[in-house]
Amino acid sequence: MNKRALAIFALPAAAILIWLLAPASLPERWNESEAALIASLSLSALTPLQPDPSNAAADDERAARLGQRLFFDLRLSANGAVSCASCHRPELAFTDGLPIALGTGPGRRHTPGLLGAAYSPWFYWDGRRDSQWAQALTPLETHFEQGAGRSAIVRLLATDPEYKALYEEVFSAMPDPTHLPDSASPLGGDSEREAWRTLDPELRFEISTAFANAGKALAAYQRKLLPERSRFDDYADAVAGDGAARQEGTLSREEIAGLDLFIGEAQCINCHNGPLFTNHDFHNTGILPVFGKLPSLGRFDGVRLAREDPFNCLGEFSDSAPAECAELRFARDDNELAGAHKTPGLRNVTLTAPYMHTGQIATLEEVMLHYNEAPTAMVGHNEAKPLGLSSRQMRQLEAFLHTLEARARHASPLQ
């Protein structure tokens with residue numbers, strides 16, 4: 001318990017009540033470094049998205065239109081009932097509101113959001129994919145996500161007239177659908193893998209190329225999914241514009257106090273920085289596994305899986321030159337990454353409960369408590385240290401996080 005908390009117990013009950021109900025006491029102005037830090041968190045500071053050298057169609061509007069159609073198409077699943085949008089719902093900031101993703105069956109991880117995800121060099125909680133298009137391909141073949149299989153996806157593209165026309169406008173001619181098996185995949189069940197093994201190697205390459213292009217189209221659409229402005233952005237821009245005054249009105253005094261903690265005593269800014277409130281890195285913060293499950297090795301496994309992925313930046317389906325794949329070539333892979341998971345962005349965090357990589361924590365209040373206590377990690381070591389914040393300070397932090405919710409709920413772009 002910190003000194004502030006101990007001092008409270010020495011006060012009469014009436015004084016404690018007055019202290020709890022009193023508005024936060026704040027200086028009139030942010031200092032120069034605080035003001036600059038706050039300005040750096042505004043969406044006004046978000047730089048344009050850089051090209052993805054591994055995806056030549058990443059910024060092609062035609063590819064984005066194809067990707068949008070694919071994103072919402074239930075036919076891209078084995079049971080005809082699951083699309084990308086089933087787990088990435090626009091009204092929930094492109095998450096699903098579930099502890100564990102549910103596709104054709106129960107998944108293994110909590111669904112991460114997509115708003116601004118294209119700014120990250122790594123995808124999934126463990127970073128096991130190194131591009132947005134490589135990530136987009138994985139659920140299509142994973143049996144408990146969409147599970148459609150590689151040849152089935154390509155058959156759909158080749159036999160649906162609108163898909164075929166859009167695809168061939170951006171990429172090249174589709175494989176002849178009469179040569180495509182109904183269900184063949186190197187990652188499917190026994191029958192699908194056997195069907196894949198019997199295919200001519202040249203046809204396997206054609207199918208995999210078209211499959212990779214479907215992922216590139218999905219990525220072209222998802223690159224357009226960006227967060228919208230919130231009350232915080234208006235406040236941060238005002239701070240930057242008028243000499244760092246702490247104006248009330250846009251934010252309440254409690255919310256401003258929470259911001260003060262966020263960039264200061266609570267140390268949130270160490271990982272949740274920049275306009276997307278994430279450093280796109282991996283950290284072990286002592287998150288306990290779901291009861292009855294083994295703890296995840298996180299990034300320790302993710303680096304290996306990214307390097308083994310045939311659709312990675314260095315693979316034959318990538319549009320990159322090897323020199324453009326520095327993130328993959330020089331990625332850390334040491335034991336310090338055991339139990340580390342990707343830092344999620346905090347924009348619209350009030351819409352994306354539950355939290356953490358397997359949805360272990362149900363509410364923001366519980367998230368605050370976790371970081372305040374910083375328990376010992378079951379795998380690796382917890383990088384976070386106990387904060388010793390009071391209950392009121394944790395409520396102020398939570399109040400600040402509500403200011404990051406966009407004023408308008410998100411709809412799909414291009415519609």
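Structural data are supplied above this passage.
Just so you know, these numbers come straight off a predicted model, no measurement behind them.

Visitor: Please set out the overall build of the chain residue by residue, giving values where relevant.
Guide: Looking only at helices and strands, one finds 16 helices and two strands in the chain. On C-alpha atoms alone, the chain measures out to a radius of gyration of 24 Å, which is about the 22 Å that the 2.2 N^0.38 rule sets for 415 residues. The principal-axis extent of the C-alpha atoms belonging to the chain is close to 85 × 45 × 40 Å. Relative to its full complement of 415 residues, the chain shows a buried share of 51%. Expressed as a percentage of contacts within the chain between residues at least 6 apart in sequence, the contacts between residues at least 24 apart total 72%. Of the roughly 19,200 Å² that the chain leaves accessible, carbon and sulfur atoms contribute 57%. Side chains of the chain carry 38 positive and 53 negative charges; the gap between the two charge centres is 2 Å.

Visitor: Quick rundown of helix α7 (residues 150-159)? Include the residues and the values.
Guide: Within α7, seven of the ten residues are buried, which leaves the element mostly enclosed by the surrounding structure. Within α7, burial applies to Arg 150, Ser 151, Ile 153, Val 154, Leu 156, Leu 157 and Ala 158. In this fold, the buried residues of α7 make contact with α4 (61-71), α6 (132-141), α8 (161-170), α9 (190-197) and α10 (201-222).

Visitor: Give me the lowdown on the pattern of salt bridges, citing residues and values where you can.
Guide: Here the structure, examined in full by the defined rule, presents 24 salt bridges. The salt bridge involving Glu 255 is made with Arg 231; its shortest N-O contact spans 2.8 Å. Here the residue Glu 255 occupies a position in helix α12 (residues 253-263), and Arg 231 occupies one in helix α11 (residues 231-241), the gap between them amounting to 24 residues. For Glu 255, a relative accessible area of 11% gives the class buried. The residue Asp 301 makes a salt bridge to Arg 304 at a minimum N-O spacing of 3.7 Å. Taken as a pair, Asp 301 and Arg 304 lie in helix α13 (residues 299-308) at a separation of three residues, close to a single helical turn.

Visitor: So, the environment of Thr 250: which residues are in play, and what are the values?
Guide: By secondary structure assignment, the location of Thr 250 is in the loop between α11 and α12. Distance from Thr 250 to Phe 232, taken between C-alpha atoms, is 7.7 Å for residues 18 residues apart in sequence. Ignoring any residue separated from it by four or fewer positions in sequence, one finds Thr 250 in contact with Arg 231, Asp 234, Tyr 235 and Glu 255.

Calculation notes
Residues numbered from 1 in each chain as written. Predicted model: local features only at pLDDT ≥ 70, side-chain atom pairs only at ≥ 80, totals over all residues. Heavy atoms only, no water. Helix = DSSP H or I, 4+ residues; strand = E, 2+ residues; numbered from the N terminus. Rg over C-alpha atoms; globule rule 2.2 N^0.38 Å. Buried < 20%, exposed > 50% of the residue type's maximum accessible area, 1.4 Å probe, protein only. Contact = heavy atoms within 4.5 Å. Areas by Shrake-Rupley, 256 points an atom, 1.4 Å probe, with all protein chains shown as cover. Lys, Arg positive; Asp, Glu negative; His and termini not counted. Charge placed at Lys NZ, Arg CZ, Asp CG, Glu CD. Salt bridge = Lys/Arg side-chain N within 4 Å of Asp/Glu carboxyl O.

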